[in-house]
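Listed below are the residues making up each chain.
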Amino acid sequence: MSLNIKELVEKYNTPLYVYDFNNITNRYEELKSAYEGKKSLIAYAVKSNSNLAVIKHLAKLGAGADCVSIGEVKRALKAGIQKYKIIFSGVGKRDEEIREALKEDILLLNLESEAEMKRVAIIAEELGVEARISIRVNPNVDPQTHPYISTGLHENKFGVSIDTAKRMYIYAKKSPHLNPIGVHFHIGSQLTELSPISEACEIVADLVRSLKAIDIDIKFFDIGGGLGVVYDNEVTIKTSEYARVISKATKDLDVTILMEPGRYMMANSGIFLTRVLYEKQNGDKRFVIVDGAMNDLLRPSLYGAYHKIEAVQKDGEKTPADVVGPVCESGDFLGKDVELPLLDNNDILIVHSAGAYGFTMSSNYNTRGKVAEVAILDGKDYLIRQRESFEDQIRLEEACDTSWL
Ligand SMILES: *Cc1c(COP(=O)(O)O)cnc(C)c1O
């Protein structure tokens, strides 16, 4: 992204998220083309960045959407993603969410427990429809990623065991209100090793074969998301290798490969811009206090995640500093021991790889308004979310009668 950061900051102020839409296109095309010759659908994981303009852009490229709440389903529909390309996943769907998803007639509901399957059958019966479903299996492989973002082990809350899945498919096949058309797994996020994916694919492909033997025809083979990206100096999985392993595991199966990438699409398509407020020295420790904070970009505080941080147009000898925000928590930091030159009030820092799980995890903690978001497409910048005002923040409280106080 060759950007005039100073101009952007002058125009939109800080803190600010900036997304490179051309990079999103490139990521999409690269992944899609890796599956040339195979039926595939990229269902973008909306939770990674759910800005309507981002989803609209992906919809135009032909993407589907993987959603984990009815709110995300509505965002996907609103952004123009065709209903037959929308998947609804998640371990805990409320009745109203199931009902609405069935009414919207989306591609499928991804189920994560027997109890949930039974709720879906009851609701489908009430509506007089047949619910297209897939079942999330937990192949019990170690994804070799951060424990907080690992999901494919039995100790994690996600999915069901292969044996439970078989029982569920047989139940679903018999039910007039359930139509089992897919199988799903998602073993974790920020995956950088191919072997766990390959192992999971083989296990799940075997399940599909054994289902076929009892006349249950699985049409969608959903490999989830989780493709890792470079934050620092990680060696990531090549999309061609990824596709090769998946194609190999499914070569005798007539299935559409569904993918649910979020981070892969968005992480390095976005940066977070923040302004330096002050420098401060506590004993030996150097702090750079900036106007962005954990409520705007939670990943460092939540997972100890690393984001590369650099100063814009600033020379001088670099020494380590913790980059911290104004929020009243010791855990409020964007980076630790970041090598930075001496900084002044109003200098700008770029926090890299912030396009995924950045804005979507932001909150109003400390009554800080959510920041603005900007898209860059073909060298032009466009505001895609206004900065939240104080009035925006208190609107739902002001709407309540407090004359009783
Ligand atoms: C979070 C999630 C994804 C996206 O994961 P990324 O690591 O961002 O690719 C895909 N599928 C499911 C079911 C998820 O929970």
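Rules of the game
Residues numbered from 1 in each chain as written. Predicted model: local features only at pLDDT ≥ 70, side-chain atom pairs only at ≥ 80, totals over all residues. Heavy atoms only, no water. Helix = DSSP H or I, 4+ residues; strand = E, 2+ residues; numbered from the N terminus. Rg over C-alpha atoms; globule rule 2.2 N^0.38 Å. Buried < 20%, exposed > 50% of the residue type's maximum accessible area, 1.4 Å probe, protein only. Core = buried A, V, L, I, M, F, W, Y, C linked by side-chain atoms within 4.5 Å. Domains from an automatic or database assignment. Contact = heavy atoms within 4.5 Å. Buried area = accessible area lost by both parts, 1.4 Å probe. Salt bridge = Lys/Arg side-chain N within 4 Å of Asp/Glu carboxyl O. Polar contact = N/O pair within 3.5 Å; in protein donor to acceptor, adjacent residues only side chain to side chain. Nonpolar A, V, L, I, M, F, W, Y, C, P; charged D, E, K, R; others polar. Pairing = 2+ DSSP bridges. Expected span 1.5 Å × (residues − 1). Arc of directions from axis to C-beta.

1. Some thoughts on the overall build of the protein
A tally of helices and strands in the protein yields 12 helices and 17 strands. Against the 2.2 N^0.38 benchmark of 22 Å for 405 residues, the protein shows a C-alpha radius of gyration of 23 Å, consistent with a compact globule. In terms of overall dimensions, the protein has C-alpha extents of about 70 × 60 × 40 Å along its principal axes. Within the protein, buried positions represent 54% of all 405 residues.

2. Observations concerning the nonpolar core
Counting residues in each nonpolar core, the largest one holds 103 residues, and the members touching the most others are Phe221, Ile223, Tyr242 and Leu349. Here this core gets 9 residues from one element, more than from any other, and that element is helix H8 (residues 194-213). Looking at this core, you find at least three residues from each of domain 1 (5-16 + 268-391) and domain 2 (21-267). The residues touching Leu349, leaving out its near neighbours within four places in the chain, are Phe272, Leu273, Thr274, Val276, Val288, Val290, Ile309, Glu310, Ala311, Val323, Leu340 and Leu343. Counting residues in each nonpolar core, the second largest holds 14 residues, with Leu8, Leu16, Ile271 and Ala372 among its members.

3. With respect to the domain arrangement of the protein
Looking at the protein, the domain boundaries give domain 1 (5-16 + 268-391) and domain 2 (21-267). On a C-alpha basis, the centres of domain 1 and domain 2 stand 32 Å from each other. Opposite the 23 residues of domain 1 that make contact, domain 2 presents 24 residues. Approximately 2,000 Å² of surface area, both sides summed, lies buried where domain 1 meets domain 2, with 49% of it carried by carbon and sulfur atoms. Taken together, the links from domain 1 to domain 2 amount to 0 salt bridges. In this assembly, domain 1 and domain 2 are joined by 19 residue pairs in polar contact (both at pLDDT 80 or more). For the side of domain 1 that touches domain 2, the secondary-structure elements that each account for two or more residues are helix H11 (299-303), strand E16 (372-377) and strand E17 (380-385). No other element matches the 4 residues that E16 contributes to the side of domain 1 that touches domain 2. The residue inventory of the side of domain 1 that touches domain 2, partitioned by class, reads 10 nonpolar, 8 polar and 5 charged.

4. Some details on the pairing of strand E13 (residues 319-324)
With 3 bridges connecting them, strand E11 (residues 285-290) and E13 associate as parallel partners. When the sheet's bridge partners are listed, Val288 is paired in E13 with Val323. The pairing of E13 with strand E14 (residues 333-340) spans 5 bridges and is classified as antiparallel. Paired with Pro320 across the bridge in E14 is Glu339.

5. Section: helix H7 (residues 162-174)
Between the first and last C-alpha of H7 there are 19 Å, a value that for 13 residues agrees with the 18 Å anticipated at 1.5 Å per step. All buried positions along H7 are accounted for by Ile162, Thr164, Ala165, Met168, Tyr169 and Ala172. All buried residues of H7 fall inside an arc of 145 degrees around its axis, so they share one side. Structural note: H7 exposes Asp163 and Lys174 on the side pointing more than 90 degrees away from its buried face. In this structure, the buried residues of H7 make contact with strand E5 (108-111), helix H6 (114-127), strand E6 (131-136), strand E7 (178-184) and H8.

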